[in-house]
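# Inside the fold
One-letter residues, chain by chain:
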Amino acid sequence: MEEKDLEQVVRGLLRAKKAVAFTGAGISAESGIPTFRGEGGVWDKYPPSRFGNLLGLSWEWLVNPGRVKDFIKDVLEAFLQAQPNPAHLALGRLEALRILKSVITQNIDNLHEKGGCHKVIKIHGSLDRARCSRCGALRLMGDQGLREIVQSLGIRKGRRVGFLKWLGYLLGECESCGGRMRPDIVFFYEALPMDAWSQAMAEAQSCDLMLVIGTSGIVYPAAQIPFLAKRAGAEIVEINQEVSPLSRIATYRIEGPAGETMGKLFSLLESKNFREWG
Ligand code: BV8
Ligand code: ZN
């Protein structure tokens, strides 16, 4: 990671009227949440054809319920032990300085919020929320609620019911209409939540700098977001450990781990910021 690139990005951030961040699993990797692709990724152990969509999960549940429980337990335990890393904290500080106006994330963890960001647009949903399949009512489960689910995985003998019905037992009924609750996350082949998606597009089309951090830029429609920003004239700063399909539209590319890079970037900005503006 070249010092001069960092300087350029800091200048860009100080100049920007509206900086927005677009993040993927890579920003949470240093917090111990495995990414999806690449070495040791989630999809290595749990192929997305079976674990990334509801049909696949329902089939796996029929043939191998124990493996589905292991998948849910692994995902929940990684989520529960994770703490924000310097990248999440740097974004929280950039928001506090009113440089960063929002974070659009593909991640379903809550590390941006724990890192101090308030305007977090979660286009693939959130693991700590359940949603009613009938009326759409949301329920925040919090860490305690998720811990109880991990415990009940071990004791609840999943009667031979369908996967979604079993999930409904696990998550309890909707308080508003008694309907079946499901995780408020977007599986493959499911539509993204309209409100979050329209907010994300509006933010992308009105920013003049986008930090694109830790995403492989493979999953659509999410991967369109940086292209929308580019088309609207924004500078694109890609922070990633490797090249991605988004690299070709990057104004600046910083190759390195998000935590270390964003930590360095923020301390440079703080020194430059106060020096210039002090
Ligand atoms: C939809 C939630 C339609 C669940 C996720 C063929 C071509 C194009 C598209 C498609 C196609 N076939 C199907 C599709 C559509 C499909 C899709 O895009 N598939 C891809 C695989 C081709 N998309 C969908 O199905 C979407 N829905 O299209 O619906 C529709 C419309 C109307 C009505 C009905 C239906 C839904 C997509 C959402 C799926 N849900 N997750 C869960 O979490 O289990 S996707 C999953 O992958 C994650 O949520 C994540 O958002 C997404 C992308 O992954 P990344 O975040 O980028 O992570 P990844 O591991 O890939 O990469 C990590 C990156 O970080 C790497 O670049 C790595 O180098 C870097 N890195 C690692 N460590 C670090 C780091 N960088 C910095 N520092 C580090 N330390
Ligand atoms: Zn309901």
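No experiment lies behind these values; they were computed from the predicted model shown.

Calculation criteria
Per chain, the residues get numbers from 1 upward, laid out in the order the sequence is written. Chains and ligands are labelled sequentially in the order written, the chains with letters from A and the ligands with numbers from 1. It should be noted that, the model being predicted, local features are given only for residues of pLDDT at least 70 and side-chain atom pairs only at 80 or more, the latter also being counted only at that level, while totals for whole chains, interfaces and linings use all residues. Excluded from the side-chain calculation are hydrogens and water; included are all heavy atoms of the structure. Secondary structure is summarised from DSSP: a helix means a run of H or I of at least four residues, a strand means a run of E of at least two, and numbering begins at the N terminus for each. What the globule rule says is 2.2 Å times the number of residues to the power 0.38, and the radius of gyration is computed from C-alpha atoms. Burial classification: accessible surface area is computed with a 1.4 Å probe over protein chains only, and a residue below 20% of its type maximum counts as buried, one above 50% as exposed, and the rest as partly exposed. Residue contacts are defined here by distance: any two heavy atoms, one from each residue, within 4.5 Å place the two residues in contact. Residue exposure ignores everything except the shown protein chains as possible cover, and the areas themselves are Shrake-Rupley values with a 1.4 Å probe. In this analysis, strands are considered paired if DSSP registers two or more bridges between them. Axis definition: a line fit to C-alpha positions, over the contact stretch in the case of helices; interaxial angles, taken between N-to-C directions, run 0 to 180 degrees. Distances decide who is a donor: an N, O or S atom must be within 2.8 Å of the metal, or within 3.2 Å for Na, K and Ca. Water is not included, so sites may look incomplete. Polar contact is the term for a pair of N or O atoms within 3.5 Å; when the atoms are in protein, one must be able to donate a hydrogen and the other to accept it, and sequence-neighboring residues count only if both atoms are side-chain atoms. We call a residue near a molecule or strand whenever a single non-hydrogen atom of that residue lies within 4 Å of it. Classification used: nonpolar for Ala, Val, Leu, Ile, Met, Phe, Trp, Tyr, Cys and Pro, charged for Asp, Glu, Lys and Arg, polar for all others including Gly. For salt bridges, the criterion is a side-chain nitrogen of Lys or Arg within 4 Å of an Asp or Glu carboxyl oxygen. A 1.4 Å probe that fits but cannot get out identifies a cavity on a 1 Å grid over protein atoms alone, an open set with protein on both sides within 12 Å along at least five of seven lines counts as a pocket, and a residue lines either if it has an atom within 4 Å of a point. Grid points are joined across faces, edges and corners, and a volume is the space filled by probe spheres set on the points.

The helix and strand tally for the chain stands at 12 helices and nine strands. Taken over the C-alpha trace, the chain has a radius of gyration of 20 Å; the compact-globule value for 278 residues is 19 Å, and the two agree within 12%. Judged by the C-alpha coordinates and their principal axes, the chain covers about 65 × 40 × 30 Å. The proportion of buried residues among the 278 residues of the chain is 53%. Considering only contacts in the chain between residues 6 or more positions apart, those separated by 24 or more positions represent 66%. Taken as a whole, the chain presents about 13000 Å² of accessible surface, with 55% of it coming from carbon and sulfur.

Attention now goes to the sheet that holds strand S1 (residues 19-23). Ordered in space as S3-S2-S1-S7-S8-S9, the six strands form an open sheet in which the pairing is parallel. Bordering the open sheet on either side are strand S3 (120-122) and strand S9 (252-255), each of which pairs with just one other strand. Recorded for the sheet is a direction-independent mean angle of 15° between the axes of neighbouring strands. The strands touched by helix H1 (residues 3-15) within the sheet are S1, strand S7 (209-213), strand S8 (235-240) and S9, with S9 carrying the most contacts at an inclination of about 130°. Packed onto the sheet, helix H6 (residues 86-96) meets S1, strand S2 (100-105) and S7 and runs at close to 145° relative to S2.

The subject of this paragraph is the environment of Leu89. Along the chain, Leu89 turns up in helix H6. Linking Leu89 and Gln199, residues 110 residues apart in sequence, is a C-alpha distance of 23 Å. Those residues in contact with Leu89 that lie beyond four places of it in its chain are Pro84 and Gly115.

Within the secondary structure, Gln241 is located in the loop between S8 and S9. Along the primary structure Gln241 and Ala16 are separated by 225 residues, whereas in three dimensions their C-alpha atoms are 25 Å apart. When neighbours within four sequence positions are excluded, Gln241 is seen to be in contact with Glu255, Gly256 and Pro257.

Moving on: the coordination of the zinc ion (ligand 2). Within the protein, the zinc ion (ligand 2) binds to Cys132 (SG), Cys135 (SG), Cys174 (SG) and Cys177 (SG); these donor distances fall in the range 2.2 to 2.3 Å. Counting the intervening residues between successive donors of the zinc ion (ligand 2) yields the motif C-x2-C-x38-C-x2-C. Residue Cys132 is found in strand S4 (residues 125-132), and its partner Cys174 is found in the loop between helix H9 (163-171) and strand S6 (181-185); the two are separated by 42 residues along the sequence. A relative accessible area of 1% places Cys132 in the buried class.

So, on to the side chain of Glu60. Inspection of the secondary structure puts Glu60 in helix H4 (residues 54-63). At 3.4 Å, the side chain of Glu60 forms a polar contact with the side chain of Arg67. Ignoring any residue separated from it by four or fewer positions in sequence, one finds Glu60 in contact with Arg50, Phe51, Pro65, Arg67 and Val68.

Let us now look at the site of ligand 1. Close to ligand 1 lie 30 residues; Phe36, Arg37, Val186, Tyr189 and Ser216 are nearest. Between ligand 1 and Glu30, the relevant distance is 3.0 Å, taken from a nitrogen atom to a side-chain nitrogen or oxygen of the residue. Interatomic distance of 2.7 Å between a backbone N/O atom of Glu190 and a nitrogen atom of ligand 1. For the shell around ligand 1, the residue count by class is 15 nonpolar, 11 polar and four charged.

Another aspect to go through is the pattern of salt bridges. A pair can form between side chains of opposite charge whenever their charged atoms are brought close. Tallied over the entire structure, the rule returns 18 salt bridges. Here Glu60 makes a salt bridge to Arg67, at a shortest N to O gap of 3.4 Å. For Glu175, the salt bridge is made with Arg139, and the minimal N-O distance between the two is 3.4 Å. With a gap of 36 residues between them, Glu175 in the loop between H9 and S6 and Arg139 in strand S5 (residues 138-140) connect regions that are remote in the sequence. We classify Glu175 as exposed; its relative accessible area is 64%.

Further remarks concern the pairing of S9. Side-chain alternation along S9 places Tyr252 and Ile254 on a buried face and Arg253 and Glu255 on a face that remains uncovered. Of the strand pairs in this sheet, S8 and S9 are connected by four bridges, and their pairing is parallel. Bridging from a neighbouring strand, Ile239 pairs with Ile254 of S9.

There is about 300 Å³ of room inside the second largest pocket. For the second largest pocket, the lining is made up of 18 residues, of which Lys122, Arg129, Pro193, Asp195 and Ala196 are closest to its centre. Elements that contribute at least two residues to the lining of the second largest pocket include exactly S3, S4, S6 and helix H10 (194-205). Broken down by class, the residue content of the lining of the second largest pocket amounts to eight nonpolar, two polar and eight charged.

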